[in-house]
Every structure is written in C-alpha cells, then in structure tokens.
Amino acid sequence: MNAAKRRALFETLQQHNPNPTTELEYTSPFELLIAVLLSAQATDVSVNKATRKLYAVANTPAKMLALGEAGVSDYIKTIGLYRTKAKNVMVTCQLLLSRHAGEVPRSREALEALPGVGRKTANVVLNTAFGEDTIAVDTHIFRVANRTGLAPGKDPLAVELALERVTPAEFKHDAHHWLILHGRYVCKARTPECWHCAIEALCEFQPKTAAPKR
C-alpha cells in the first residue's frame, strides 16, 4: 500500500468516526489502567460490567488495596484469569503508592515495570489517558494492518513500528482506535465483512468475501 492509499484509508476512517475512543469505561488514568489490565483475553463489555461495580467502591490505589485481593476477585470473577489479575492489581496498587505517590506514571518504562503491563497496555494508557501518539497493537490491529497491506509485520512490535513510520502525523493519535474498532466490527478474524467495509476499495486483501445473499 502506497502513501496516498494510506492517507485515503485514514481519511475515510476519520470521516466515519471523527472522535474515536476506547470502549472501556473509565474516569481517571488509574481506572483506565486497571480496566486495560483486566481486558487481557476478555471483552471490553465484560470488563465494563465488572468495573462499574468495582469502581463504585474502589477507584484509587489505596481504596483498591483496602478492598484486598479477595474483595477485588469477587468483583471481577466473571472475567477470565480473574485470580491472576486480582493479584496483579494488588501489586500494581502497592507500586503506584510506593513509587508514584498513587498516580499513574506517564512513562513507558515506569508503566511496563508494573505487573501485567506490557508494551500494548502501556501504549493504551499513554495514548488514551495522556494524549500521546502511541499505537497499541492488539490482535485486531495486527490483523487489519497485515490483511489490508497498511503496515505488514511478522509480530506486534514490527506492526507497531511500521504503523508509527507510515501513519501521517495528523492521524497518529486516533489510529489505534480506528483500527481496533475496524477489526472488532468489520475486518473480523474468520470472516471479514468486506461488503460493508468503508475502506474496501483501498484494501489489498484477496480474495474478498462475497456479499451475503438477499
């Protein structure tokens, strides 16, 4: 895909969704961080259902610690891997208090030093909570970037670096959200729904999936 097509792709996504954002519900960087931690191998819908109740009683590191691992587990037990996630939440809260005065750090290195926080999670927090032009590559974005020809890569880091290199500057902040939503609702893993894809004309994926019969 050449530069002109890439620009047209992002312009089209912008026209269809001028103000994209995460589907995770949060009101602070801390709530976002915990929500992203919980979202690993889980849907945003399931995380939101759990955090609505959890954040009503514990929405700061201190309150979360006071709730305890068992208490957090009770609120998130409908989410996959909840026991491990509850442990990570406890340690994360302890580190936020001991190292960062209870605030979510605004550096990749500090974020990745927290348990359960990898490059993808750090990028989400930096982008969504702090407005930085990072691109977090999850399975949806990895698929869309490779399938469309936008930014092919053999692994998530390769795709991330490719996207950072080829995405026009004015689209970098929102690129993560456009691509993840496109992968989640249109460019699906098993059967991409090309018949209602806004960027189908720009996509290099072959063969296209036939339109459903009426």
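Predicted model, so just to flag it, every value in this text is computed and none were measured. (Residues numbered from 1 in each chain as written. Predicted model: local features only at pLDDT ≥ 70, side-chain atom pairs only at ≥ 80, totals over all residues. Heavy atoms only, no water.)

Chemist: Run through helix α4 (residues 61–76), naming residues and quoting values.
Modeler: With 16 residues, α4 extends only 16 Å from end C-alpha to end C-alpha; this falls clearly short of the ideal 22 Å at 1.5 Å per step. At G68, α4 shows its largest kink, close to 100°. Residues of α4 that are buried include every one of P61, M64, G68, G71, V72, S73 and I76, and no others. Against α2 (29–38), α3 (44–57) and α5 (82–100) lie the buried residues of α4. (Helix = DSSP H or I, 4+ residues; strand = E, 2+ residues; numbered from the N terminus. Expected span 1.5 Å × (residues − 1). Bend = angle between axes of the 7 residues up to and from the residue. Buried < 20%, exposed > 50% of the residue type's maximum accessible area, 1.4 Å probe, protein only. Contact = heavy atoms within 4.5 Å.)

Chemist: Please provide a residue-by-residue account of helix α10 (residues 172–185), values included.
Modeler: End to end, α10 covers 21 Å across 14 residues, agreeing with the expected 20 Å (1.5 Å per residue, within 8%). Within α10, 10 of the 14 residues are buried, which leaves the element mostly enclosed by the surrounding structure. The elements touched by buried residues of α10 are α1 (3–16), α7 (119–128), α8 (139–148) and α9 (156–166).

Chemist: I'd love a proper account of the layout of surface pockets, names of residues and values included.
Modeler: Computed from the structure, the largest pocket encloses a volume of approximately 630 Å³. Considering the residues around the largest pocket, the lining is formed by 31 residues, among which S39, A40, A42, D44 and K120 are closest to the centre. Breaking the lining of the largest pocket down by element, the ones donating at least two residues are α2, α3, α5, α7, α8 and α10. No other element matches the six residues that α10 contributes to the lining of the largest pocket. Within the lining of the largest pocket, the residues separate by chemical class into 11 nonpolar, 14 polar and six charged. (1 Å grid on protein atoms, 1.4 Å probe; cavity = no way out; pocket = protein on both sides within 12 Å on 5 of 7 lines; lining within 4 Å. Points joined across faces, edges and corners; volume = space filled by probe spheres on them. Nonpolar A, V, L, I, M, F, W, Y, C, P; charged D, E, K, R; others polar.)

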